[in-house]
Amino acid sequence: MATFTTPGITTENAATVSHTLQERLSALNDLHLTLKHIHWNVVGTNFIGVHEMIDPQVDLVRGYADTIAERIATLGDSPRGTANAIEKDRSWNDYTLGRDTVQAHLAALDLVYVGFITSHREAIKSVGEIDPVTEDILIGQTAELEKFHWFVRAHLESYTGDLSTSGAQTEAQAANQAR
Ligand SMILES: [Fe+2]
């Protein structure tokens, strides 16, 4: 446990917050790698639009990882940013699609964002009681990520407002429904 932390919070509470943030740091590191993987593997009609839509998101998510890592250090703990940390912290599977169409990747990415945003919201809830400053950081990130999730879903939405990925449980299933 840390021997010091930011004023107005106990070292025990700081450790609890850091623990939650470490999991979010690994999730953010995994997400920006996954986004680059999609950027490199997407093919077919409307390639360039999606290829180029992804890069600003990579930069944003990479910046968010930096913010979370520095928050962990501010709280007196040591952020772990290695590939091994991602592997150790993650409770989700590796992204499953390789070279595939725009619709297939966006459908799989829809599910990635559902998982990520759900977990970020759970983190907001768990840190909110003890550290509103960390809560505020997570809220700001979630709002931007939800907007990008909408960008993704807008490609999968019909004029009646239905999503082609509706009911899909896996990335492969979502991709099949959208192809
Ligand atoms: Fe590129």
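Above this note sits the structure.
Because the structure is a prediction, the values reported are computed rather than measured.

Asker: Residue-level account of the overall build of the protein chain, with values.
Answerer: On a plain count of helices and strands, the protein chain comes out with six helices and two strands. Listing the helices and strands of the protein chain from first to last along the sequence gives α-β-α-α-β-α-α-α. Relative to the globule expectation of 16 Å for 179 residues, the C-alpha radius of gyration of the protein chain, 17 Å, shows essentially globular dimensions. Taken over the C-alpha atoms alone, the protein chain extends approximately 55 × 35 × 25 Å along its principal axes. Within the protein chain, the fraction of its 179 residues that count as buried is 45%. Once local pairs closer than 6 in sequence are excluded, the contacts in the protein chain between residues at least 24 apart make up 75%. A total accessible area of about 9400 Å² is found for the protein chain, and carbon and sulfur atoms account for 53% of it. Counting 13 positive and 24 negative side-chain charges, the protein chain places the centres of these two groups 4 Å from one another.

Asker: Just give me the short version of the side chain of His105, but keep the residues and values in it.
Answerer: Secondary-structure assignment places His105 in helix H4 (residues 102-128). On the basis of relative accessibility, which here comes to 0%, the residue His105 falls in the buried class. Setting aside residues no more than four positions away along its own chain, His105 makes contact with Ile38, Asn41, Val42, Tyr95, Leu97, Gly98, Arg99 and Asp100.

Asker: Describe in detail the environment of Ser126, supporting the description with residues and values.
Answerer: For Ser126, the position within the fold is in helix H4. For Ser126, a relative accessible area of 40% gives the class partly exposed. Residues Ser126 and Thr16, spaced 110 residues apart in sequence, show a C-alpha to C-alpha distance of 9.2 Å.

Asker: Break down the layout of surface pockets for me, citing the residues and quoting the values.
Answerer: If a probe the size of a water molecule is rolled over the atoms, the empty space left behind becomes visible. Put simply, the largest pocket is a space of about 480 Å³. What lines the largest pocket is a set of 20 residues, among which Trp92, Asn93, Leu111, Val112 and Glu171 lie closest to the centre. Taken together, the elements giving at least two residues each to the lining of the largest pocket come down to helix H1 (11-41), H4 and helix H6 (171-178). Across the lining of the largest pocket, the residue classes break down as eight nonpolar, eight polar and four charged. Looking at the second largest pocket, its volume works out to about 160 Å³. Forming the walls of the second largest pocket are Asp30, Leu33, Thr34, His37, Ala83, Ile86, Glu87, Arg90, Asp94 and Tyr95. Counting residues per element, the ones that place at least two in the lining of the second largest pocket are H1 and helix H3 (83-89). A total of four residues in the lining of the second largest pocket trace back to one element, the largest contributor, which is H1.

Asker: Quick rundown of the side chain of His32? Include the residues and the values.
Answerer: One can find His32 in helix H1. Among the polar contacts listed, one links the side chain of His32 to the side chain of Asn29, at a separation of 3.2 Å. Apart from the residues lying within four places of it in its own chain, the contact partners of His32 are Val58, Val61 and Arg62.

Asker: I'd like a rundown of the packing of H4 against helix H5 (residues 132-154), residues and numbers included.
Answerer: Orientation of H4 relative to H5, taken along the N-to-C sense of each, is 165°, at an axis distance of 9 Å. Taken together, the axes of H4 and H5 are roughly antiparallel relative to one another. Every pair of crossing elements has a handedness; the one defined by H4 and H5 is left-handed. Residues that form the contact of H4 with H5 fall into these classes: 15 nonpolar, six polar and five charged.

Asker: Could you give an account of the packing of H1 against H5, naming the residues involved and the relevant values?
Answerer: Axis angle and axis distance: for two packed helices, these are the angle between their axes and the distance between the axes, and together they describe the pair. Running from N to C, H1 and H5 cross one another at 25°; their axes reach a closest spacing of 13 Å. By the angle class used here, H1 and H5 are roughly parallel. Crossing of H1 over H5 shows left-handed handedness. On H5, the residues touching Val17, Leu21, Leu28 and Leu35 of H1 are Thr134, Leu138, Gln141 and Phe148. Considering only residue class, the contact of H1 with H5 consists of six nonpolar, two polar and no charged.

Conventions used here
- Residues numbered from 1 in each chain as written.
- Predicted model: local features only at pLDDT ≥ 70, side-chain atom pairs only at ≥ 80, totals over all residues.
- Heavy atoms only, no water.
- Helix = DSSP H or I, 4+ residues; strand = E, 2+ residues; numbered from the N terminus.
- Rg over C-alpha atoms; globule rule 2.2 N^0.38 Å.
- Buried < 20%, exposed > 50% of the residue type's maximum accessible area, 1.4 Å probe, protein only.
- Contact = heavy atoms within 4.5 Å.
- Areas by Shrake-Rupley, 256 points an atom, 1.4 Å probe, with all protein chains shown as cover.
- Lys, Arg positive; Asp, Glu negative; His and termini not counted.
- Charge placed at Lys NZ, Arg CZ, Asp CG, Glu CD.
- 1 Å grid on protein atoms, 1.4 Å probe; cavity = no way out; pocket = protein on both sides within 12 Å on 5 of 7 lines; lining within 4 Å.
- Points joined across faces, edges and corners; volume = space filled by probe spheres on them.
- Nonpolar A, V, L, I, M, F, W, Y, C, P; charged D, E, K, R; others polar.
- Polar contact = N/O pair within 3.5 Å; in protein donor to acceptor, adjacent residues only side chain to side chain.
- Axes fitted to C-alpha atoms, helices over the stretch in contact; angles between N-to-C directions.
- Parallel < 35°, antiparallel > 145°, perpendicular 65-115°, else oblique.
- Left-handed = near helix turned anticlockwise from the far one by under 90°.

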